[in-house]
Amino acid sequence: MSNHGYSDIVIGLQYGDEGKARIVDMIAEEYDIIARFNGGANAGHTVETKDGGKVALNQVPSGIFYPEKILYTGSGCVVNFEKLAVEIEKIEKIGISLDGRFKISPQASVIQPHHVIIDSMTGQSLGTTRNGIGPAYADRANRMIIDRLTNIRVGDLNDNPEHYFTKVRDNLVFAVQIGKLEIDIDDEMNKMQNAFEKVKKYIEVDPLYLQKQVEAGKNVLFEGAQAVMLDVTKGSVPYVTSSNTIAAAAYTGGDLSPQYHRKTIGVAKAIMSRVGYGPFPSEFGGKKSEEHCMAQDEGKPKYGRQVEEECDLEKHLSSGDEFQMGVALRILSGEYGVVSTRPRRVGALDLVQLNYAIKMNGVTELAINKFDLLKEYSRTAKGQVPLVTSYKLNEKEIDYMPASTSTYYETEAIYDYHEGSDQDLSTMTSPSELPSEMQDLVTYIEKATGTKMFGIGVGPERNQFVKF
Ligand code: IMP
């Protein structure tokens, strides 16, 4: 009998920013390899250093603090060499070496300079992260446009840099000509080539590297980037990212065959958030909130953290006005872009959507972060915890998530209200310590989703988590 290993997956079940990294961090010990299977520099997680400092990571998988673990970036990812070189430098500065343990699939596609340029010019209506993600995945699907090779892969540049850098340059020249842009082509190419020199030692040559590791008994944890509702096919299209973010994508973009799959942990947040445009039926304050959160003033958020924090928090929270309550809950939950301070749109936990995500991904265990925040509902006009249990569309109650975005925008949330508790959960460590209302809520969610609770987050610190 073969002593092969297994693979597990952690994915976000909502619109991103659910706190996946903390779950990965919590269970990483059990695995030999932490792997990424989608996305690129659009993903982000912050890791805390031993001396309390913080390092923001985008492309290197979680697990940098475990020197014996392999960190693998799969073929489903798109790689920005310049950003990666900077990230690796930051990691080295805190005394961590990635030598021999960080590997990039040769089949991953390269983010080329023109991708970032195009995304900066065209991504505004979607609110993209402007990392060139969409144009890179589009060029991967295009393969060639007439005689121009558009999909350049990491392995291409590794094996034959001279040839393929010429192709990258051709693509840049074409974009500059078409867009009549003032861009220093030599400078762009030099930056990319210099960065490539720094990171090329991390390129793996064997597309079956991960497969062979698992066959030899190693265990893999796949960490999803973005989330189910941002999946290019299954999410709230078109307000999504350009890759497949769902669990099944781990077995295409993660370079492992599906036979080793064991379990999938889905991560959600008790009060949901979303950045960018798109339908969000349980958003506090609906369309008004969407416009408020997306409003810009000279390229900066019009109502950033500082502006919002000037409001009378208690008055907003208890006002009975959904929009104002949303502003207060956003402040209390700190839902602002880390760098941009852009307000994230916030809303009640939507069980219709959660069920959609759980079923489609075969989620076996559910983690819900920010559970402690539910206590804030006790100070709202209603005083209870709202959960979305079905939708209303054209005066009819429905129990599914409409696929069409315009229909989904018209869909109203129907709520069930539950008794909450105003007790502070942040120091609790075991399920038995939780107030009975919160225990009942956990049981209710488990029943409504048919999924076992892995645990709940009760605060931002590493140890503020109640494991079930
Ligand atoms: P893109 O991935 O940069 O093309 O952006 C497409 C949409 O996905 C935008 O609404 C982004 O804000 C959103 N997005 C991309 N990455 C993340 C993430 O890691 N967390 C949350 N939202 C994201």
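Analysis parameters
- Residues numbered from 1 in each chain as written.
- Predicted model: local features only at pLDDT ≥ 70, side-chain atom pairs only at ≥ 80, totals over all residues.
- Heavy atoms only, no water.
- Helix = DSSP H or I, 4+ residues; strand = E, 2+ residues; numbered from the N terminus.
- Buried < 20%, exposed > 50% of the residue type's maximum accessible area, 1.4 Å probe, protein only.
- Phe/Tyr/Trp six-rings, centres within 6.5 Å; stacked < 30°, edge-to-face > 60°.
- Lys NZ or Arg CZ within 6 Å of the ring centre and 35° of its normal.
- Pairing = 2+ DSSP bridges.
- Axes fitted to C-alpha atoms, helices over the stretch in contact; angles between N-to-C directions.
- Contact = heavy atoms within 4.5 Å.
- Parallel < 35°, antiparallel > 145°, perpendicular 65-115°, else oblique.
- Left-handed = near helix turned anticlockwise from the far one by under 90°.

> Now, about the environment of L351: what can you tell me, with residues and values included?
With respect to the helices and strands, the residue L351 is situated in helix α14 (residues 351-361). Classification of L351 as buried rests on a relative accessible area of 3%. Along the chain, L351 and A367 lie 16 residues apart, while their C-alpha atoms are 14 Å from each other.

> Explain the packing of aromatic side chains to me, and be specific about the residues and the numbers.
As enumerated under the stated definition, the model contains 12 aromatic pairs in all. Taking 5.4 Å as the distance between ring centres and 45 degrees as the angle between the ring planes, the aromatic pair formed by Y15 and F280 counts as tilted. Remark: F280 occurs in the loop between β13 (271-274) and α10 (286-294) and Y15 occurs in the loop between β1 (7-12) and α1 (20-27); sequence separation between them is 265 residues. You can call Y15 buried: its relative accessible area is 2%. A centroid spacing of 6.1 Å and a plane angle of 80 degrees characterise the contact between F37 and F222, whose relative ring orientation is edge-to-face. Here F37 is found in the loop between β2 (33-36) and β3 (45-48), whereas its partner F222 is found in strand β11 (residues 220-223), with 185 residues between them in sequence. With respect to burial, F37 and F222 carry one shared label: buried. One aromatic cluster in this structure is built from F37, F222 and Y251. The ring of Y417 has K382 sitting right over it, with the charged end atom 4.6 Å from the ring centre. In this structure, K467 is placed above the aromatic ring of F454, and the distance from its NZ or CZ to the ring centre is 4.3 Å.

> Just give me the short version of the sheet that holds β1, but keep the residues and values in it.
Sheet strands line up and pair through hydrogen bonds in the backbone, either parallel or antiparallel. Read from one edge of the open sheet, 9 strands run β7-β5-β2-β11-β1-β12-β17-β21-β22, paired in mixed fashion. Every interior strand has two partners, whereas the edge strands, β7 (102-104) and β22 (465-467), have only one. Neighbour-to-neighbour, the strand axes of the sheet open up by a mean angle of 20 degrees, direction not taken into account. Looking at chain direction, strand β12 (residues 261-269) and strand β17 (residues 365-369) are connected through 5 bridges and run parallel. The residue bridging I265 from the neighbouring strand is E365, located in β17.

> Residues and numbers for the pairing of β17, please.
Burial analysis of β17 places 5 of its 5 residues in the buried class, the great majority of the element. A two-sided burial pattern is seen for β17, the buried positions comprising E365, A367 and N369 on one face and L366 and I368 on the other. Pairing of β17 with strand β21 (residues 452-457) involves 4 bridges; the strand directions are parallel. Paired with E365 across the bridge in β21 is K452.

> Residue-level account of the environment of S7, with values.
Looking at where S7 falls in the secondary structure, it is placed in strand β1. For S7 and R262, which are 255 residues apart along the polypeptide, the C-alpha to C-alpha distance reads 5.8 Å. Not counting residues within four places of it along the chain, the set of residues in contact with S7 comprises V220, F222, Y251, L256, Y260, H261, R262 and K263.

> Could you give an account of the packing of α14 against helix α16 (residues 436-449), naming the residues involved and the relevant values?
In contact at an axis separation of 10 Å, α14 and α16 are set at 55 degrees when each is read in the N-to-C sense. Considering the angle they form, α14 stands oblique to α16. Considering only the axes of α14 and α16, their crossing is right-handed. On α16, the residues touching L351, L354, N355 and I358 of α14 are Y444, I445, A448 and T449.

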